[in-house]
Each structure stands twice: as C-alpha cells, then as structure tokens.
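Here is how the chains run, residue by residue.
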Amino acid sequence: MKNLEKPTENKALKSKTNNIVSPAADAAKELREFFIDNLKDIYWAENALVNALPKMAENATSPVLSKSILEHHLVTKNQIARLDEVFELLKEKAEGKKCEAMAGLLKEGDSILVETTPGPVRDAGIIAASQKIEHYEIATYGTLCAFAKTLGENDAAKLLTQTLAEEKEADCLLNDIALNTVNVMAAE
C-alpha cells in the first residue's frame, strides 16, 4: 500500500509571477455554465460507478455488503435517469465530461482489491473506498443543489436533493455495516 509518487505542480497552469491560474479558453464565465459543467462531471462519474459497482460486489465476501452494493447499483442507475431529467429541464444535452476525482477514487478502489486478500480486510477496504466515493458524491450533489436553487432551477434542485438524500443514506448504511460486522471481523 505504499505510494512513493510525490504530487507534482502543473507549472503550465500558473502564471510566471505568482499563483494566479490563467483560465482555459472555454472556462465558465457564469454560474449557469459552471453548474452545467459540474452536472456533466457527475454524469460521467455516475456512469463510471455503474460499471464499477458489480466488480466491488463480486469481490466482497460479506453477503450484507455485497447485497448493499448491488442495491446501490440499481439506485445509481435511477440517479443517472434523474440526471437525464435535470439536463432536460435545463434544455441541455445529457453528456458526461471525465470526472478526474471519480476516476481517481475508482482507481484507488481497484488498488485496494489488489492489496488485500479476500475476506474481512478486503471488505473493510471496499467499504472505505465506497465511503470515499459517497463523500465525494455528497459534496458534489450538495453543491449542485445550492447552484440550482441560486439559479432559480427549483425543479432541478428537487431532483438533485433526492439524489443527495440517497447518497447520504448509502453512506450511513456502509458505516453501519463497517461498525457492526466487517470491521469487527477484520480486527480479529
């Protein structure tokens, strides 16, 4: 589980005299643009997650954990459909833009599978990776809800708030599974 890579600074993004970052040519200038950009980001993230969840469930040895992941797989598919509705409400094309955060979280989840043997320790790792994903989604949907409300997109805000509640519920369920069974077994 050692990662000896050191973070590197992207000097191309910084101006030569200070830490002020120059915007890209297509950078958002208005909150609505930034809102749409973030919707595309989470749309990509949710679709990537739909592809990753079955692998996580298959590698879990705890039946309760595996079942909860598969149930969240169905919830995630519904969340994608809900995002399609949000895009439609905003009269925007439903399309994804690669979410570097989710790509990194999913890569970390894959590395946990390689770095643990099947059983309670791997299950604890799957929960840890899953909760990191849930926390990212909670932060993202919370922000999107705030943007939608600020922009007067109340119908979109309602849909996003529903997804936010589901993500919080998933996090609580994972926490319960960890504290009541998996972590106890992994510590033995």
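Look a little higher up for the structure.
Residues numbered from 1 in each chain as written. Predicted model: local features only at pLDDT ≥ 70, side-chain atom pairs only at ≥ 80, totals over all residues. Heavy atoms only, no water.

(A) Expanded view of the overall build of the protein. Per the secondary structure count, the protein includes five helices and zero strands. Each helix (α) and strand (β) of the protein, taken in turn from the N terminus, gives the series α-α-α-α-α. Here the C-alpha coordinates of the protein stretch approximately 55 × 45 × 25 Å along the principal axes. By residue count, 39% of the 188 residues in the protein fall in the buried class. Roughly 11300 Å² of accessible area belongs to the protein as shown, and the carbon and sulfur atoms make up 56% of that amount. With 22 positive and 30 negative side-chain charges, the protein shows a spacing of 6 Å between the two charge centroids. (Helix = DSSP H or I, 4+ residues; strand = E, 2+ residues; numbered from the N terminus. Buried < 20%, exposed > 50% of the residue type's maximum accessible area, 1.4 Å probe, protein only. Areas by Shrake-Rupley, 256 points an atom, 1.4 Å probe, with all protein chains shown as cover. Lys, Arg positive; Asp, Glu negative; His and termini not counted. Charge placed at Lys NZ, Arg CZ, Asp CG, Glu CD.)

(B) Summary view of the nonpolar core. One finds Phe-35, Leu-39, Leu-65 and Leu-160 to be the most contacted residues of the largest nonpolar core, which totals 44 residues. Of all the secondary-structure elements, those providing two or more residues to this core are helix H1 (31-59), helix H2 (63-89), helix H3 (100-115), helix H4 (120-150) and helix H5 (154-187). Looking at this core element by element, the count peaks at 13 residues for H1. Each residue touching Leu-65, except ones within four places of it in the same chain, is listed here: Ala-60, Asp-123, Ile-126, Ile-127, Leu-174 and Ile-177. (Core = buried A, V, L, I, M, F, W, Y, C linked by side-chain atoms within 4.5 Å. Contact = heavy atoms within 4.5 Å.)

(C) Expanded view of the side chain of Thr-116. With respect to the secondary-structure elements, Thr-116 resides in the loop between H3 and H4. Reaching out from Thr-116, the side chain makes a polar contact with the backbone oxygen of Ile-112 at a distance of 2.7 Å. (Polar contact = N/O pair within 3.5 Å; in protein donor to acceptor, adjacent residues only side chain to side chain.)

(D) How the structure looks around the environment of Met-102. You can see Met-102 is positioned in helix H3. Overall, Met-102 belongs to the buried group, its relative accessible area being 0%. Apart from residues no more than four positions distant in its own chain, Met-102 is found in contact with Trp-44, Ala-45, Ile-133, Tyr-136 and Glu-137.

(E) Main features of the pattern of salt bridges. Taken as a whole, this structure holds eight salt bridges when the rule is applied. A salt bridge links Lys-97 to Asp-37; the shortest N-O distance between them is 2.9 Å. One end of the pair, Lys-97, is in the loop between H2 and H3; the other, Asp-37, is in helix H1, and 60 residues separate them in sequence. Asp-110 is the partner of Lys-55 in a salt bridge, and the nearest nitrogen-oxygen pair spans 3.2 Å. Taken together, the residues Lys-55 in helix H1 and Asp-110 in helix H3 connect sequence positions 55 residues apart. Given the relative accessible area of 42%, Lys-55 is considered partly exposed. Members of the salt-bridge network, linked through shared partners, are Arg-32, Glu-92 and Glu-153. (Salt bridge = Lys/Arg side-chain N within 4 Å of Asp/Glu carboxyl O.)

(F) Just a nonpolar patch on the surface, in detail. A cluster of nonpolar side chains, namely Leu-31, Phe-34 and Leu-151, defines an oily patch on the protein surface of about 220 Å² accessible area. Secondary-structure assignment places Phe-34 in helix H1. (Patch = residues over 30% accessible without salt bridge, like charges linked within 9 Å, V, L, I, M, F, W, Y side chains within 5 Å.)

(G) Molecular detail of the packing of H3 against H4. Remark: H3 packs on H4, axes separated minimally by 9 Å, with the N-to-C direction vectors making an angle of 175°. As far as their axial angle goes, H4 and H3 are roughly antiparallel. On H4, the residues that touch Ala-101, Met-102, Leu-105, Leu-106, Glu-108, Gly-109, Ile-112 and Leu-113 of H3 are Arg-122, Gly-125, Ile-126, Ala-129, Lys-132, Ile-133, Tyr-136 and Glu-137. Along the lines of polarity and charge, the residues of the contact of H3 with H4 split into ten nonpolar, two polar and four charged. (Axes fitted to C-alpha atoms, helices over the stretch in contact; angles between N-to-C directions. Parallel < 35°, antiparallel > 145°, perpendicular 65-115°, else oblique. Nonpolar A, V, L, I, M, F, W, Y, C, P; charged D, E, K, R; others polar.)

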